[in-house]
4 protein chains.
Amino acid sequence: MHFFSDNAASVCPEVMAALDRVNSADISYDADAASQSMDAAFSELFETDVTVLWVTTGTAANGLALAALCPPHGAIICHRDAHVQNDECGAPELYTHGAKLLLVDGPGGKFTPNALNGCLGAVRNDVHRAQPHAISITNATEYGCVYTPAEVAALGAIAHERGLGFHMDGARFANAVAHLGCAPAELTWKAGVDILSFGFVKNGGMSAEALVFFRPDLVEASRYRRKRAGHLLSKGRYSAAQILAMLKDDLWLRHARAANEGAQHIAQAAGQRLVHPVEANEVFVKLSAEETASLRAQGFGFYDWGEGQARFVISYDQSHSDIEALSAALDELK
Amino acid sequence: MHFFSDNAASVCPEVMAALDRVNSADISYDADAASQSMDAAFSELFETDVTVLWVTTGTAANGLALAALCPPHGAIICHRDAHVQNDECGAPELYTHGAKLLLVDGPGGKFTPNALNGCLGAVRNDVHRAQPHAISITNATEYGCVYTPAEVAALGAIAHERGLGFHMDGARFANAVAHLGCAPAELTWKAGVDILSFGFVKNGGMSAEALVFFRPDLVEASRYRRKRAGHLLSKGRYSAAQILAMLKDDLWLRHARAANEGAQHIAQAAGQRLVHPVEANEVFVKLSAEETASLRAQGFGFYDWGEGQARFVISYDQSHSDIEALSAALDELK
Amino acid sequence: MHFFSDNAASVCPEVMAALDRVNSADISYDADAASQSMDAAFSELFETDVTVLWVTTGTAANGLALAALCPPHGAIICHRDAHVQNDECGAPELYTHGAKLLLVDGPGGKFTPNALNGCLGAVRNDVHRAQPHAISITNATEYGCVYTPAEVAALGAIAHERGLGFHMDGARFANAVAHLGCAPAELTWKAGVDILSFGFVKNGGMSAEALVFFRPDLVEASRYRRKRAGHLLSKGRYSAAQILAMLKDDLWLRHARAANEGAQHIAQAAGQRLVHPVEANEVFVKLSAEETASLRAQGFGFYDWGEGQARFVISYDQSHSDIEALSAALDELK
Amino acid sequence: MHFFSDNAASVCPEVMAALDRVNSADISYDADAASQSMDAAFSELFETDVTVLWVTTGTAANGLALAALCPPHGAIICHRDAHVQNDECGAPELYTHGAKLLLVDGPGGKFTPNALNGCLGAVRNDVHRAQPHAISITNATEYGCVYTPAEVAALGAIAHERGLGFHMDGARFANAVAHLGCAPAELTWKAGVDILSFGFVKNGGMSAEALVFFRPDLVEASRYRRKRAGHLLSKGRYSAAQILAMLKDDLWLRHARAANEGAQHIAQAAGQRLVHPVEANEVFVKLSAEETASLRAQGFGFYDWGEGQARFVISYDQSHSDIEALSAALDELK
């Protein structure tokens, strides 16, 4: 009964089968048919022409995105609890060659236009300060909250008015879309997003994420950066195949819906204990040390998340019995 | 009848099966059992205690190795035709933060102690010159030639006398060992090698290479660098599984032997046309434009390699009929 | 009546004379007699063996210091308002190749052992987080406050217990020492400081700062970094001469005392308006928009420092009449 | 009788006087009148609108120029013996964040359009190779040879046809112009040069070089890079004053002429011993070990320059007696 993280889940059968399907000698890097068909597949999904690069991790995707949007002497505005700030060991700094992350606060891992403007206003406009060149938001956030298309668009409007690039870390983009029931286009380019890190690994994939460019001018240099970072796999077809398998028949969305539903079930049991609204597949719960110990004794695996809080992540393939058991156990604690 | 590159070959059944075997929810990153058993497996193979990190590409492995051995203000000595110099779009410069590559010449992609000493002697010992901190050799080389243990040891002796780190790019290490019939230990740490990029992708793997540290002091920082470069996969067990499957029962060596034997067969047919001695799984052949066209018309796929030369790479699973056909076709040209 | 910044003051006659004294053909870089005598001069001042490099700016000095103490994948703890964070356009990130700055709060630009421990405790000890490798404090601070030797030592004790490097940005180190009346040794290496950026430009110099190493192991690589950053001037004797002239007969200390005294005079006039205790040569004053306008109309030059506040910096050579005039004008406002 | 290097000469009286002239409290960084007048002064000299930044070293100037012209994943083509390759400890790699230098050969430190095209043609146009983004030439070269306007223009034409930036390292630009007797415009922007590192330190200055931008689009980011590298001096007026003093009444040109004439005098004495044509202020001479020893015994200071060769650099203020003495001594050797 593991609720540690969706990033440790199994790989779904459709992805495993896709690996088999491309398993014959082919052209290397991304010149194979699967890699070459990615642009078309994502363009259809996003209802506009996009270019897509596969990479193996969300950290690499984010690093490449930020390097495309911010020069080494610039700054990127993100949430204080963003993955790019806290969980990538400085990957944005490596990929951008030392850009600064400027941190903004806000509940649930989200920040508002007001907070963004406050941050922007605090940066003296002279050469002594790293000037903001990009903003990066996470959707769904690190706390399982979801920006709506309107909320994204409000940030996007500021970004574009100020000439800032706009990146969305969508390691759990699928969960956000599943929650909102909106078109992917609404949540991204129509709301001003320039580049999306579209996650598949947490949602049933093995080792492939998609970096989706809504601005063609940002693509070319990114190809070189991907190679230079060691992320251009020679057998790229196995990466493309994973992603294409998850796009097929909206598997990515079905997986995310399942995970979100599991989270809702558990959220209801958690009731007043919830730290954040549950909108994606993560449930943050207030628990005393005794309660934590009790749950662990019952066989539930999960991480503490600061003082008196715990995080439960529901995977796309989390069993109903796991979900029921955790719900019952939380209910019991009341 | 593709002889373009071994990096486009299929993935062997043993590796595919290994992916299935680890396909259940587990601990993320490299805390799973497969990842955790890699040190032991490689320590046995190398007859000494080693630490091993998986990464997804040889470029990443090389970048991490060089960053472990050379500071940003230092220099790395390598062959003029080395992969790190010509085929990684500056990955060593990214990973090391701008170290310089100093280039040495020599036939077959190999260089000698004399050439190395010449290069070292040409670097004025003052702060105006990036001082050499490491040397990097490729074995088997980019031209399919193989350094013997004695040749490696001669370079290693200079490296260690001068306090330089010693890296071996072993994208085709298996082919080198298969050719030499020596113990892996003889060709590496016993000859002074500090870090080995041990390739599996070209030899039947899908997306996993092993970075083998013979010096424990270099490991810790490398773990952070791997994460920071976006190469710490969350489902790392699928990487470890690939590598372990290839270590099992010396599959890596059997594959390399098969590829080498294919190359020998073709080399005999090529005869006087050979540009380099054929010691691994690559055959470089002098061909006129007409001969090149003729071979292509017969269905052989391969790359031109400079004026009047072509490269044929034999994969671990190259069919006997492909090999026979190419041999016959070359024979025909005589 | 300029109180904008001490960094715009004139160069003192002793420094100008020193430039003349070394003005004949000599050996280049830092092989001249003046440069070569710096270690001895500072060793005497600090009562221990130190090595000193001249550079042209405090930004370069800080960058070199931090690069000596923190690897690219590490983090440096500093005050939220530190110069290295806010006023160097990412120089620490350039020099360290992308280390992260972790920000700590505290009144007057100072932070306490408690705050430091809080920051350290918040960093999960795994490869996903940039781990702290160094702390950097400014003394006197950006707000004209001064850490005492005991306060420095308390931070130094934590630094050394945790294996962190300890840097002091002493752009106004002279003002701190002048305020405390302590030995320079007490405020630095005896309190655990590893490297000091010792400022001279704000205190009467033209273009030379001293980077003082209390740890010999950190020097060698710093020489290469200085060259690589373009800070090894070929006519280095003019840099060394400036610094030596200011060390002579404690000119640096006399200058700082004069500036501090001017600040005290103004502080008394400012009374309740003071934002921070005045311990060095800066006076931060609460002023309404009307008061600000009135002072400017009277010919006083100074910067606003956030909403309803202004900063007055007193230079080493600020005229008594300027100081009297400002004091009177502030008195008038009451 | 020092002929070691022009970079160790004294500072000329006009520059010393200029330092005195700006020696009063002023506005900091480059907002002072002297700094602000540089664009106009250089625009007049170059007969076109230029923007100019002062820095303290040629290494910094070159680093900033190359960073303006080449991204981290790109390559810069320069001569094998260029200062940027051999004498800056990797400063171009620091400033560009790891761009590669591709080396071209040619006599006298110069390379031809043919050589340039050969280098360009050898770079496979794919993401595995760092693609050329800029070329950098030195004029006068490290061997005291001078590119003519036509020679520069021939390289410039290729650069612009290929979309490459074009940088001229003019540490001894004055000597080149003095030799050619051409307008500075002819040798730079009219020949396709985008950025010029215009040296003053070797020609009578103390610590100020001018980075001249002929392309306005490259300036803005360079201002941030200069600050970030610690090269934005707070008392910038002393840098600007040095440069302006040397522009006044063509002092820079008169100095260079004097140095060049000294070199010509010595060159005539050297006769058949000359290694390179003497066109600027450096004389490379074939000397046996005995001859070298003999000259040193006579009191001449100079560097060996490879096996059996020596370099003599003539400073702008080299005394006639020094020049006569060296000429006589060389004559004597015949």
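Residues numbered from 1 in each chain as written. Chains lettered and ligands numbered in written order. Predicted model: local features only at pLDDT ≥ 70, side-chain atom pairs only at ≥ 80, totals over all residues. Heavy atoms only, no water.

## Some words on the overall build of chain A
Scanning chain A from terminus to terminus reveals 15 helices and 10 strands. For 334 residues, the compact-globule formula gives about 20 Å, and the C-alpha radius of gyration of chain A, at 20 Å, lands near that figure. Each of the three principal axes of chain A carries a C-alpha extent, and together these read 55 × 55 × 30 Å. Put simply, chain A has 334 residues, and 65% of those count as buried. Of the contacts formed within chain A by residues at least 6 apart in sequence, a portion of 74% connects residues at least 24 apart. Roughly 10900 Å² of accessible area belongs to chain A as shown, and the carbon and sulfur atoms make up 50% of that amount. Here chain A holds 26 positive side-chain charges and 39 negative ones, and the gap between their average locations is 5 Å. (Helix = DSSP H or I, 4+ residues; strand = E, 2+ residues; numbered from the N terminus. Rg over C-alpha atoms; globule rule 2.2 N^0.38 Å. Buried < 20%, exposed > 50% of the residue type's maximum accessible area, 1.4 Å probe, protein only. Contact = heavy atoms within 4.5 Å. Areas by Shrake-Rupley, 256 points an atom, 1.4 Å probe, with all protein chains shown as cover. Lys, Arg positive; Asp, Glu negative; His and termini not counted. Charge placed at Lys NZ, Arg CZ, Asp CG, Glu CD.)

## Points about the interface of chain D and chain A
Accessible area lost on assembly of the parts is the figure often given for the size of an interface. Contacts between the two partners involve 18 residues from chain D and, on the opposite side, 18 residues from chain A. If you sort the residues of chain D by the area they bury against chain A, His73, Val127 and Tyr224 of chain D come out on top, with a joint share of 42%. For the pair chain D and chain A, the interface holds 0 salt bridges. Between the two partners, chain D and chain A, sit 6 residue pairs in polar contact (both at pLDDT 80 or more). Of the residues forming the side of chain D that touches chain A, the biggest block, 6 residues, is contributed by helix 11 (residues 219-228) of chain D. Split into classes, the residues belonging to the side of chain D that touches chain A amount to 6 nonpolar, 6 polar and 6 charged. (Buried area = accessible area lost by both parts, 1.4 Å probe. Salt bridge = Lys/Arg side-chain N within 4 Å of Asp/Glu carboxyl O. Polar contact = N/O pair within 3.5 Å; in protein donor to acceptor, adjacent residues only side chain to side chain. Nonpolar A, V, L, I, M, F, W, Y, C, P; charged D, E, K, R; others polar.)

## Regarding the sheet that holds strand 9 (residues 303-304) of chain B
All names here are of chain B. Sheet architecture is open: 3 strands sit in the order 8-10-9, paired in antiparallel fashion. Strands with a single pairing partner mark the edges of an open sheet, and in this sheet they are strand 8 (282-286) and strand 9. Bridge analysis of strand 8 against strand 10 (residues 309-313) gives 5 bridges, and the strand direction is antiparallel. Residue Phe284 lies in a different strand from strand 10, and its bridge partner there is Arg311. (Pairing = 2+ DSSP bridges.)

## Description of the packing of helix 3 (residues 38-46) of chain D against helix 12 (residues 237-247) of chain D
Residues and elements named next belong to chain D. It is the contact of helix 3 with helix 12, at a shortest axis distance of 11 Å, that shows an interaxial angle of 30 degrees. The angle between helix 3 and helix 12 places the two elements in the roughly parallel class. Read as a crossing pair, helix 3 and helix 12 show a hand that is left-handed. Contacts between helix 3 and helix 12 involve Met38, Ala41, Phe42 and Leu45 from the first element and Ala240, Ile243, Leu244 and Leu247 from the second. Of the residues belonging to the contact of helix 3 with helix 12, the class tally is 8 nonpolar, no polar and no charged. (Axes fitted to C-alpha atoms, helices over the stretch in contact; angles between N-to-C directions. Parallel < 35°, antiparallel > 145°, perpendicular 65-115°, else oblique. Left-handed = near helix turned anticlockwise from the far one by under 90°.)

## As for the side chain of Asp322 of chain C
Structurally, the position occupied by Asp322 of chain C is in helix 15 (residues 320-333). Although buried, Asp322 of chain C forms no salt bridge, and the nearest oppositely charged side chain, Arg237 of chain D, lies 13 Å from it. There is a polar contact of 3.3 Å between the side chain of Asp322 of chain C and the side chain of Gln318 of chain C. Apart from residues lying up to four places away in sequence, Asp322 of chain C is in contact with Met1, His2, Phe3 and Phe300 of chain C.

## Observations regarding the pattern of salt bridges
For the coordinates displayed, the defined rule picks out 60 salt bridges over all chains. Ionic contacts of the salt-bridge type, sharing partners, join the residues Asp6, Arg172, Glu282 and Arg311 of chain A into one network.

## Remarks on the relation of the copies chain B and chain A
Superposing chain B onto chain A takes a rotation of 180 degrees plus a shift of 0.0 Å along the axis, which leaves an RMSD of 0.0 Å. Each copy turns onto its partner about a two-fold axis. Minimal C-alpha distance to the rotation axis in chain B is attained by Ala229 of chain B, lying at 3.4 Å. (Least-squares fit on C-alpha atoms with pLDDT ≥ 70 in both.)

## Some remarks on the relation of the copies chain D and chain A
For the match of chain D to chain A, the screw axis carries a shift of 0.0 Å, the RMSD comes to 0.0 Å, and the turn is 180 degrees. When the interface residues of chain D are mapped onto chain A, 100% of them again lie at the interface, so the same face is used by both copies.

## Points about the interface of chain B and chain A
Contacts between chain B and chain A engage 46 residues on the former and 46 residues on the latter. Interface area, chain B with chain A, both sides summed: about 3700 Å², of which 57% is carbon and sulfur. Inspection of the region where chain B meets chain A yields 0 salt bridges. At the boundary of chain B with chain A, the tally comes to 37 residue pairs in polar contact (both at pLDDT 80 or more).

## Concerning unusual backbone geometry
Of note, the bond from Asn139 of chain A into Ala140 of chain A is cis; its omega dihedral lies within 30 degrees of zero at -10 degrees. Counting through the fold element by element, Ala140 of chain A comes out in the loop between strand 4 (131-138) and helix 8 (149-161). If you check the backbone angles, Cys89 of chain C has positive phi at about 50 degrees while not being a glycine. Within the element layout of this structure, Cys89 of chain C appears in the loop between helix 5 (83-86) and helix 6 (91-96). Despite not being glycine, Asp250 of chain D shows a phi value in the positive range, around 55 degrees.

## Section: helix 15 (residues 320-333) of chain D
Residues and elements named next belong to chain D. For helix 15, which comprises 14 residues, the first-to-last C-alpha distance of 20 Å matches the rise-based estimate of 20 Å (1.5 Å per residue) to within 8%. Buried residues of helix 15: Asp322, Ile323, Leu326, Ser327, Ala329, Leu330 and Leu333, and no others. The arc that holds the buried residues of helix 15, viewed along the axis, is 165 degrees, so those residues lie on one side. In this structure, helix 15 carries His320 and Glu332 as exposed residues pointing more than 90 degrees from its buried face. Contact partners of the buried residues in helix 15: helix 13 (251-270), strand 8 (282-286), helix 14 (289-297) and strand 10 (309-313). (Expected span 1.5 Å × (residues − 1). Arc of directions from axis to C-beta.)

## Comments concerning the confidence of the model for chain A
In this model, chain A carries an average pLDDT of 97, and 100% of its residues clear a pLDDT of 70 or more. Of the two predicted TM-score estimates for the complex, the pTM is 0.97 and the ipTM is 0.97. (pLDDT = per-residue confidence, 0-100.)

## Let's talk about the packing of aromatic side chains
For the structure on display, the rule yields 56 aromatic pairs over all chains. Relative to Phe300 of chain D, the ring of Phe3 of chain D lies with its centre 6.4 Å away and its plane at 45 degrees, an arrangement referred to as tilted. Taken as a pair, Phe3 of chain D in the segment before helix 1 (13-21) and Phe300 of chain D in the loop between helix 14 and strand 9 (303-304) lie far apart in primary sequence, 297 residues in all. Of the two residues, Phe3 of chain D and Phe300 of chain D, neither departs from the other in class, the shared state being buried. Pairwise contacts between aromatic rings join Phe42, Phe46, Phe173, Phe198, Phe200, Phe214 and Trp252 of chain A into one cluster. Against the face of Phe302 of chain A rests Arg296 of chain A, its NZ or CZ located 4.3 Å from the ring centre. (Phe/Tyr/Trp six-rings, centres within 6.5 Å; stacked < 30°, edge-to-face > 60°. Lys NZ or Arg CZ within 6 Å of the ring centre and 35° of its normal.)

## So, the pairing of strand 10 (residues 309-313) of chain A
Residues and elements named next belong to chain A. Counting buried residues along strand 10, 4 of its 5 residues qualify, which places the element largely inside the surrounding structure. For strand 9 (residues 303-304) and strand 10, the ladder comprises 2 bridges, and the chain directions are antiparallel. By the bridge assignment, Asp304 is partnered in strand 10 with Ala310.

## Things to note about the domain arrangement of chain A
Residues and elements named next belong to chain A. Domain annotation for chain A reports domain 1 (12-249) and domain 2 (252-332). One C-alpha centre belongs to domain 1, the other to domain 2, and the line joining them spans 27 Å. For the domain 1 and domain 2 pair, buried surface summed over both sides reaches about 1800 Å², with 53% attributable to carbon and sulfur atoms. Along the contact surface separating domain 1 from domain 2 lie 1 salt bridge. Note that Arg172 and Glu282 form a salt bridge whose closest N and O atoms lie 3.4 Å from each other. For the pair domain 1 and domain 2, the number of links is 12 residue pairs in polar contact (both at pLDDT 80 or more). At the level of secondary structure, the elements contributing two or more residues to the side of domain 1 that touches domain 2 comprise helix 9 (173-180) and helix 12 (237-247). The element that contributes the greatest number of residues to the side of domain 1 that touches domain 2 is helix 9, accounting for 5 residues. Of the residues belonging to the side of domain 1 that touches domain 2, the class tally is 14 nonpolar, 7 polar and 4 charged. (Domains from an automatic or database assignment.)

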